[in-house]
Amino acid sequence: MAERPEDLNLPNAVITRIIKEALPDGVNVSKEARRAISQAASVFVLYATSCANNFAMKSKRKTLNAADVMAAMEEMEFERFLQPLRESLEAYKKGQKGKKEASEQKRKDKEKKTDVEENEKSREEENEEEEDEHMEEEQEGENGGEEEVEN
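- The chain is annotated in an unreviewed UniProt entry as DNA polymerase epsilon subunit 3 from Aldrovandia affinis.
- Heading Subcellular location (unreviewed entry) of the UniProt record for the chain holds this comment: "Nucleus".

## Some details on the packing of helix H2 (residues 31–58) against helix H3 (residues 66–75)
When two helices pack together, their arrangement is captured by the angle between the axes and the distance separating the axes.
Moving on, step 1. Across the interface, H2 lies against H3 with an axial gap of 8 Å and an inter-helix angle of 115 degrees. With respect to their mutual orientation, H2 and H3 come out roughly perpendicular. When you trace H2 past H3, the crossing you get is right-handed. On the side of H2, the interface is formed by Phe44, Ala48, Cys51, Ala52, Phe55 and Ala56, while H3 contributes Asp68, Val69, Ala71, Ala72, Met73 and Glu75.
Moving on, step 2. Broken down by class, the residue content of the contact of H2 with H3 amounts to 10 nonpolar, no polar and two charged.

## A word on the packing of aromatic side chains
Moving on, step 1. Per the counting criterion, the structure on display carries two aromatic pairs.
Moving on, step 2. Summarising the aromatic geometry, the rings of Phe44 and Phe78 are spaced 5.3 Å apart at their centres and angled 80 degrees between planes, so their arrangement reads as edge-to-face. Linking Phe44 in helix H2 with Phe78 in the loop between H3 and helix H4 (82–150), this pair joins segments that are 34 residues apart in sequence.
Moving on, step 3. Note on Phe44: relative accessible area 31%, which makes it partly exposed.
Moving on, step 4. Ring centres of Phe78 and Phe81 lie 5.7 Å apart, and the angle between their planes is 45 degrees; on these two criteria the pair is classed as tilted.
Moving on, step 5. Taking relative accessible area as the criterion, Phe78 reaches 28% and is therefore assigned partly exposed.
Moving on, step 6. Taken together, the ring pairs connect Phe44, Phe78 and Phe81 into an aromatic cluster.
Moving on, step 7. Here the guanidinium or amino end of Lys58 rests over the ring plane of Phe55, the centre of that ring lying 5.0 Å away.

## Some remarks on the packing of helix H1 (residues 12–22) against H2
Moving on, step 1. Two numbers describe how H1 lies on H2: the axes approach to 10 Å, and their chain directions differ by 105 degrees. In terms of their interaxial angle, H1 and H2 are classed as roughly perpendicular. From H1, Ile15, Thr16 and Ile19 reach across to H2, where they touch Arg34, Ile37, Ser38 and Ala41.
Moving on, step 2. Classifying every residue of the contact of H1 with H2 gives four nonpolar, two polar and one charged.

## Looking at the side chain of Ser38
Moving on, step 1. Turning to its location among the elements, Ser38 is positioned in helix H2.
Moving on, step 2. Those residues in contact with Ser38 that lie beyond four places of it in its chain are Asn9, Leu10 and Ile15.

## Some details on unusual backbone geometry
Moving on, step 1. One non-glycine residue, Lys60, lies in positive phi territory at about 60 degrees.
Moving on, step 2. Within the secondary structure layout, Lys60 lies in the loop between H2 and H3.
Moving on, step 3. Overall, the relative accessible area of 78% leaves Lys60 in the exposed class.
Moving on, step 4. One non-glycine residue, Glu77, adopts positive backbone phi at about 65 degrees.
Moving on, step 5. By the secondary structure assignment, Glu77 is in the loop between H3 and H4.

Each value, and the rule that gives it
Residues numbered from 1 in each chain as written. Predicted model: local features only at pLDDT ≥ 70, side-chain atom pairs only at ≥ 80, totals over all residues. Heavy atoms only, no water. UniProt positions renumbered as here; feature names shortened; annotations may be inferred. Axes fitted to C-alpha atoms, helices over the stretch in contact; angles between N-to-C directions. Helix = DSSP H or I, 4+ residues; strand = E, 2+ residues; numbered from the N terminus. Parallel < 35°, antiparallel > 145°, perpendicular 65-115°, else oblique. Left-handed = near helix turned anticlockwise from the far one by under 90°. Contact = heavy atoms within 4.5 Å. Nonpolar A, V, L, I, M, F, W, Y, C, P; charged D, E, K, R; others polar. Phe/Tyr/Trp six-rings, centres within 6.5 Å; stacked < 30°, edge-to-face > 60°. Buried < 20%, exposed > 50% of the residue type's maximum accessible area, 1.4 Å probe, protein only. Lys NZ or Arg CZ within 6 Å of the ring centre and 35° of its normal.

Next up, the structure:
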């Protein structure tokens, strides 16, 4: 774990993108201001994580969950962000559910394909066996006919 908040800075590219999305076109941000926002964001993340961890610990859990984060936001008096956060989490869950369903469908399709291939292979083997038996019968018939001619 980091000793100081400065040790856990968010990537500059991420901070720059967030700043650009939050501000109207034509507004410039100095390097010093970007750095200050980056540090503030890191402190906020550490504080929110610490508060959420307290809720998890009260529930005797070691894993933080979304409810812990929501409770932490409320405790930190960021209630106005709760609704956008809920909506974002709901969108994330739907996306994950869609990915899971797509993955399950892909797995089922693969299983069907494997089953079909196995059935085709089995049929081919059966056909080959039938052809071999038929050829053996023909050869026996031919051999039997030759033996009769020789007698």
